[in-house]
Amino acid sequence: MKLRGVFGLNVQRLRRERKLSQEQLSFVSGRTRAYISSVEAGRRNATLDTVEILAKALNVEPQELVSASPANKRAIRVTKPAASKSSD
């Protein structure tokens, strides 16, 4: 998984653990709710300044936002569809 996907999942997980809405996190961080949503979805390529700002808003060290956690590894596990068998 790309680093911005890991970052987004970590922001989302930590925000939810703290029972914050995207709107509340946006207020605390000075970013828009749409920006927070894009980050969490992995569509936004955050700057180092933003990593630092969101880490402070979530009360964690910046490296916690960019490290793949065991929870993220479970969330990104890809399952292969079962091979279809034809009954001719």
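Details of the structure are given in the entry above.
Residues numbered from 1 in each chain as written. Predicted model: local features only at pLDDT ≥ 70, side-chain atom pairs only at ≥ 80, totals over all residues. Heavy atoms only, no water.

Draft legend 1. A look at the environment of leucine 14. Position of leucine 14 relative to the elements: it lies in helix H1 (residues 3–17). The buried category is assigned to leucine 14, whose relative accessible area is 1%. Residues leucine 14 and alanine 55, 41 residues apart in the sequence, show an inter-C-alpha distance of 9.6 Å. The residues touching leucine 14, leaving out its near neighbours within four places in the chain, are Leu58, Val60, Glu64 and Leu65. (Helix = DSSP H or I, 4+ residues; strand = E, 2+ residues; numbered from the N terminus. Buried < 20%, exposed > 50% of the residue type's maximum accessible area, 1.4 Å probe, protein only. Contact = heavy atoms within 4.5 Å.)

Draft legend 2. Quick look at the packing of helix H2 (residues 22–29) against helix H4 (residues 48–58). Their axes nearest at 9 Å, the elements H2 and H4 cross at an angle of 115°. Of the possible angle classes, the one that applies to H2 and H4 is roughly perpendicular. Regarding H2 and H4, the two cross each other, and that crossing is right-handed. Residues Leu25, Val28 and Ser29 of H2 form the contact with H4, whose participating residues are Ile53, Leu54, Ala57 and Leu58. (Axes fitted to C-alpha atoms, helices over the stretch in contact; angles between N-to-C directions. Parallel < 35°, antiparallel > 145°, perpendicular 65-115°, else oblique. Left-handed = near helix turned anticlockwise from the far one by under 90°.)

Draft legend 3. Quick peek at the environment of valine 6. Examined against the element boundaries, valine 6 turns out to sit in helix H1. The exposure class assigned to valine 6 is buried, which follows from its relative accessible area of 7%. With 35 residues separating them in the primary sequence, valine 6 and alanine 41 have C-alpha atoms 9.8 Å apart.

Draft legend 4. Quick look at unusual backbone geometry. Located in the positive-phi region is lysine 19, a residue other than glycine, with phi close to 55°. Tracing the chain through its elements places lysine 19 in the loop between H1 and H2. The exposure class of lysine 19 is exposed, given its relative accessible area of 72%. Positive phi, normally seen in glycine, also occurs at asparagine 59, with a value near 60°. Structurally, asparagine 59 is set in the loop between H4 and helix H5 (62–66).

Draft legend 5. Highlighting the pattern of salt bridges. As enumerated under the stated definition, the model contains 3 salt bridges in all. Here glutamate 40 ties to arginine 15 by a salt bridge, and the two come within 2.5 Å at their closest N and O atoms. Residue glutamate 40 is located in helix H3 (residues 33–40), and its partner arginine 15 is located in helix H1; the two are separated by 25 residues in the primary sequence. Among the salt bridges present, the one from glutamate 17 reaches arginine 18, with a minimum N-O distance of 3.7 Å. Classification of glutamate 17 as partly exposed rests on a relative accessible area of 48%. Overall, arginine 18 belongs to the partly exposed group, its relative accessible area being 33%. Residues participating in the shared-partner salt-bridge network are Arg13, Glu17 and Arg18. (Salt bridge = Lys/Arg side-chain N within 4 Å of Asp/Glu carboxyl O.)

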